[in-house]
Amino acid sequence: QAMEEVRSLIRRVAPTEARVLVTGESGTGKELAATAIHALSRRAGGPFVRVNSAAIPRDLVESEMFGHERGAFTGAVERRRGRFELAHQGTLFLDEVGDLGGEAQAKLLRSLETGTVQRVGGGESIEVDVRLVAATNRDLPAEVQAGRFREDLRYRLEVVVIHMPALRERPADLPALLEHAGERLRLRQGLNPPAWSDEAVALLRGHPWPGNVRELMNLVERAAILHPGITLGPD
């Protein structure tokens, strides 16, 4: 039921141009939700460009997002288009937006307000037609209270909020997810995943799953490699 509510919300918001903020713990499928929004939108034929804010060094975030001109900084040997420009007429998925630094937040806010970007080291404003979907595993209201995230940017991002529930909140989904993970391994890697006894599934239902669905997928892959084709019991 929890995931059906998520799917229903995705179906309703996808055909619009509304900005969406996807929240939830790591491993709950925030990028899958963003991909589904793009696939069901009028921009489905355009690019889907992903930026992982947490994986980019802070001093390079602006260059990655907005591009740079040749000579803008040491190592900038040629002009480079940023992710906003690459996502023109498509969807930009800004993952872990809560990890953006203050200067990048200010530039992002300006781009959302004006529909333009300015490359690092450049003076020209470049118009971009981009739908923004952002995601975070942080509590943005708490980040705003702590002074680490701009309140005006928060309200720009969360026109519609989609919360991805943690796996421990939907233990009834475990049998379906185990079957899906096994079938995926069979098709993609030719592995022979094990079956899971009712007792084993009951144990898995009681696990807190701190890594959520990603942790479960890893578990099934490990089981398929170490115990192919058998039925796993509680031991």
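Structural data are supplied above this passage.
As a starting point, this report considers the structure included with it.

## Re the layout of surface pockets
Estimates place the volume of the largest pocket at around 910 Å³. If you go around the largest pocket, you meet 31 residues; those closest to its centre are Gly27, Thr28, Gly29, Leu32 and Val213. Looking at the lining of the largest pocket, the elements with two or more residues in it are α1 (2–13), α2 (30–39), α8 (174–189) and α10 (212–226). Looking at the lining of the largest pocket residue by residue, the classes come out as twelve nonpolar, seven polar and twelve charged.

## Digging into the nonpolar core
Ranked by internal contacts, the top residues of the largest apolar core, which has 27 residues, are Met65, Phe84, Leu94, Val97, Leu100, Leu108 and Leu157. At the level of elements, β2 (48–52), α3 (61–66), β5 (90–95), α5 (102–114), β8 (130–136), α6 (140–145) and α7 (151–157) are the ones that each hand at least two residues to this core. Element by element, the count of residues in this core is highest for α5, at four residues. Residue contacts for Leu108: discarding those within four places in its chain leaves Met65, Phe66, Phe84, Leu94, Val97, Leu100, Leu132 and Leu153. In terms of nonpolar packing, the next biggest core, distinct from the first, is built from 19 residues, Ala200, Leu204, Trp209 and Val213 among them.

## Digging into the packing of aromatic side chains
Inspection of every chain in the model, using the stated rule, returns two aromatic pairs. Centroid distance Phe48 to Phe93: 6.1 Å. Interplanar angle 20 degrees. Geometry classified as stacked. Of this pair, Phe48 sits in strand β2 while Phe93 is found in strand β5, placing the two residues 45 residues apart along the sequence.

## A look at the pattern of salt bridges
Opposite charge on two side chains makes pairing possible when the charged atoms of those side chains draw close. Applying the stated criterion across every chain, the model contains 16 salt bridges. Residues Arg148 and Glu143 are paired through a salt bridge, measuring 3.0 Å at the closest nitrogen-oxygen approach. When its relative accessible area of 8% is taken as the criterion, Glu143 is described as buried. The residue Asp173 makes a salt bridge to Arg170 at a minimum N-O spacing of 2.7 Å. For Asp173, a relative accessible area of 23% corresponds to the partly exposed category.

## Looking at α8
Here α8 contains 16 residues, and its C-alpha end-to-end distance of 22 Å stays within 8% of the 22 Å for a straight helix at 1.5 Å per residue. Within α8 the residues assigned to the buried category are Leu174, Leu177, Leu178, Ala181, Gly182 and Leu185. In a view along the axis of α8, the buried residues occupy a sector of 130 degrees, so they form one face of it. Of the residues in α8, the exposed ones pointing more than 90 degrees away from the buried face are Ala176, Glu179 and Leu187. Buried positions along α8 lie against β10 (195–196), α9 (198–205) and α10. One or two residues past the end of α8 sits Gly190, with phi positive at roughly 70 degrees.

## As for unusual backbone geometry
One non-glycine residue, Glu96, lies in positive phi territory at about 55 degrees. On the secondary structure map, Glu96 appears in the loop between β5 and α5. Positive phi, close to 50 degrees, is recorded for Trp209, a residue that is not glycine. Position of Trp209 relative to the elements: it lies in the loop between α9 and α10. Looking at Trp209, the relative accessible area reads 2%, which means it is buried.

## Some words on the sheet that holds β8
In sheet architecture, strand pairing relies on hydrogen bonds along the backbone and comes in two forms, parallel and antiparallel. Strand order in the open sheet made by the five strands is β2-β5-β8-β1-β9, with parallel pairing throughout. Because the sheet does not close on itself, it has two edges, and the strands there are β2 and β9 (160–163). Across the sheet, the mean angle from the axis of one strand to that of its neighbour is 20 degrees, orientation sign disregarded. Inspection of the sheet shows strand β1 (residues 20–23) paired to β8 by four bridges, in the parallel sense. Within β8, the position partnered with Thr23 by the bridge is Thr136. Along the sheet face, α1 touches β1, β8 and β9 and points at about 155 degrees away from the line of β9. Each of β1, β2, β5, β8 and β9 touches α2; the most contacted strand, β8, lies at about 160 degrees to it.

## Brief notes about the side chain of Glu85
Relative to the assigned elements, Glu85 resides in helix α4 (residues 83–86). Owing to a relative accessible area of 10%, Glu85 belongs among the buried residues under this scheme. When neighbours within four sequence positions are excluded, Glu85 is seen to be in contact with Phe66, Val117, Arg119, Ile126 and Val128.

Criteria and cut-off values
- Residues numbered from 1 in each chain as written.
- Predicted model: local features only at pLDDT ≥ 70, side-chain atom pairs only at ≥ 80, totals over all residues.
- Heavy atoms only, no water.
- 1 Å grid on protein atoms, 1.4 Å probe; cavity = no way out; pocket = protein on both sides within 12 Å on 5 of 7 lines; lining within 4 Å.
- Points joined across faces, edges and corners; volume = space filled by probe spheres on them.
- Helix = DSSP H or I, 4+ residues; strand = E, 2+ residues; numbered from the N terminus.
- Nonpolar A, V, L, I, M, F, W, Y, C, P; charged D, E, K, R; others polar.
- Core = buried A, V, L, I, M, F, W, Y, C linked by side-chain atoms within 4.5 Å.
- Buried < 20%, exposed > 50% of the residue type's maximum accessible area, 1.4 Å probe, protein only.
- Contact = heavy atoms within 4.5 Å.
- Phe/Tyr/Trp six-rings, centres within 6.5 Å; stacked < 30°, edge-to-face > 60°.
- Salt bridge = Lys/Arg side-chain N within 4 Å of Asp/Glu carboxyl O.
- Expected span 1.5 Å × (residues − 1).
- Arc of directions from axis to C-beta.
- Pairing = 2+ DSSP bridges.
- Axes fitted to C-alpha atoms, helices over the stretch in contact; angles between N-to-C directions.

Everything listed here is a matter of geometry and, on its own, says nothing about what the molecule does.
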